[in-house]
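Architecture at a glance
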Amino acid sequence: MALRFPHEIKPVTEEEDLILKKYYKGYSRPFVRVGAPGYLSTPGYQDHAEDIYNLEIKPDDIWVIPFSRSGTTWLQELVWLVNNNLDYVAAASEPLNKRYAYIEHVTQKSDAAKKMPQSIRPEQRATFESFETLPNLPSPRYVKSHLPLSRLPPALLDTAKVFYIARDPRDVAVSLYFADKLFGYFSDEVTFKEFWDLFKRDLVLHTPIFSHVKEAWEKRHNPNLFFLFYEDMQNNLPSVIDKVCNFLNKAYTAEQKAELARHLSFESMKKTSTYSKLSKGENSFFRKGKSGSWVEYFDDAMKEEAVEFMEKNLSDTDMRFPVVEI
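Residues numbered from 1 in each chain as written. Predicted model: local features only at pLDDT ≥ 70, side-chain atom pairs only at ≥ 80, totals over all residues. Heavy atoms only, no water.

What to know about the nonpolar core
The condition that has to hold: As used in this record, nonpolar core signifies buried Ala, Val, Leu, Ile, Met, Phe, Trp, Tyr and Cys residues forming a set joined through side-chain atoms within 4.5 Å. Classification of residues uses two cut-offs on accessible area relative to the type maximum, computed with a 1.4 Å probe and protein chains only: under 20% is buried, over 50% is exposed, and between them is partly exposed. The contact criterion used is simple: two residues touch if any of their non-hydrogen atoms lie within 4.5 Å.
Grouped together as the largest cluster of nonpolar side chains are 69 residues, with contacts concentrated most on Trp63, Ile103 and Phe199. Apart from residues no more than four positions distant in its own chain, Phe199 is found in contact with Phe67, Pro169, Val172, Ala173, Leu176, Val204, Thr207, Ile209 and Phe309.

Put into structure tokens, the structure is as follows:
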């Protein structure tokens, strides 16, 4: 028997909807907020929230579920290779967007996007699979989602292996700004100052970011959840590789793990990933891959706002984002 979706879904205010539709083009219905944190979602999400919530979880599933632009692609490649005996040939022959089902993406499409022809290059597709096709995929299934834990199937952490990667929200904001312009959510005329204002007011899809991250942080001791920081991967990738191998009960030689670390380097990923071809002018899917570069995009006033934003949202948790060792 299907479970009832337990979180309230309600339209954003009229004022918020006007602001959102100024930036997110092609949507006719109101945007919605979900649950107590008020997670911002596209209008189509409410049509399938219960379908996603009721997905059957299999014991050999592997889910990667971070907030957007927090190191998703990097972690997906690491996890898939570790669990597939470091099969670089298979990884090169099948793009990540085909290896992983991005379950909620079909709910995010605008009315205009739904009418667009599907004859696009593989790297331009967000996914080949979704919640609709997931039940028919062979095991082991690899699943990607940017939904918070509370909106995913309740049996997830009791059944499957789950990975969550968190990143300093200031770096996320910068990365998401360029990605949303690259993927056409935002026009090229939108400034980062405008985007930052939307981000800190929870007027960017999937926000509020801190609620999203804290949900996973509070579950970090669950034996089926692997919680890590993007900054940890930058500080000590070999150590993260060791931990992922242990988590997935995989054993490799020191030489094999060193080769994996080389494959996962930013420069290598930028050259070999399916998304390496995805660019628009000077903007590309793989930009800098560095932590702390947010300071290059914030003026003095925005830096003060960022300090207040971070302090306010970290005041009720012991979670702290690591500092990247230069």
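Here we look at the environment of Trp294
Short version of the rule: Secondary structure follows DSSP: runs of H or I at least 4 residues long count as helices, runs of E at least 2 residues long count as strands, and numbering of each begins at the N terminus.
Note on placement: Trp294 falls in the loop between β10 (283-284) and α15 (300-314). Overall, the relative accessible area of 12% leaves Trp294 in the buried class.

Brief notes about the pairing of strand β7 (residues 161-166)
As a reminder, the rule being used: Between any two strands, pairing holds if DSSP finds at least two bridges.
Among the six residues in β7, five count as buried, and that is most of the element. Here three bridges tie strand β4 (residues 62-64) to β7, and the two strands are oriented parallel to one another. The residue bridging Ile62 from the neighbouring strand is Lys161, located in β7. Bridge count between β7 and strand β8 (residues 225-229): five bridges; the pairing is parallel. When the sheet's bridge partners are listed, Phe163 is paired in β8 with Phe226.

Observations concerning the confidence of the model for the protein
The cut-off we apply is this: A score between 0 and 100, pLDDT records how confident the predictor is in each residue.
For the protein, mean pLDDT is 90; residues scoring 70 or higher make up 87% of the total. Confidence drops under pLDDT 50 across residues 115-120; counting only partners more than four residues distant or on other chains, this segment forms two contacts. Within the model, pLDDT remains below 50 along residues 280-287, and this stretch shows 28 contacts once partners closer than five positions in the same chain are excluded.

What to know about the sheet that holds strand β3 (residues 39-41)
Counted only if it meets this: Angles here are taken between N-to-C directions and fall from 0 to 180 degrees, while the axes themselves are lines fitted to C-alpha atoms, restricted in helices to the stretch in contact.
Pairing is antiparallel across the open sheet formed by three strands, whose spatial order is β1-β2-β3. Each edge of the open sheet carries a strand with a single partner, namely β1 (9-11) and β3. Strand-to-strand twist across the sheet, computed as the mean angle between neighbouring axes with direction ignored, equals 35°. Where β1 and strand β2 (residues 32-34) come together, three bridges link them in antiparallel fashion. Bridge pairing in β2 places Ile9 opposite Val34. Across the sheet, helix α2 (residues 45-53) is in contact with β1, β2 and β3; its angle to β1 comes to roughly 175°.

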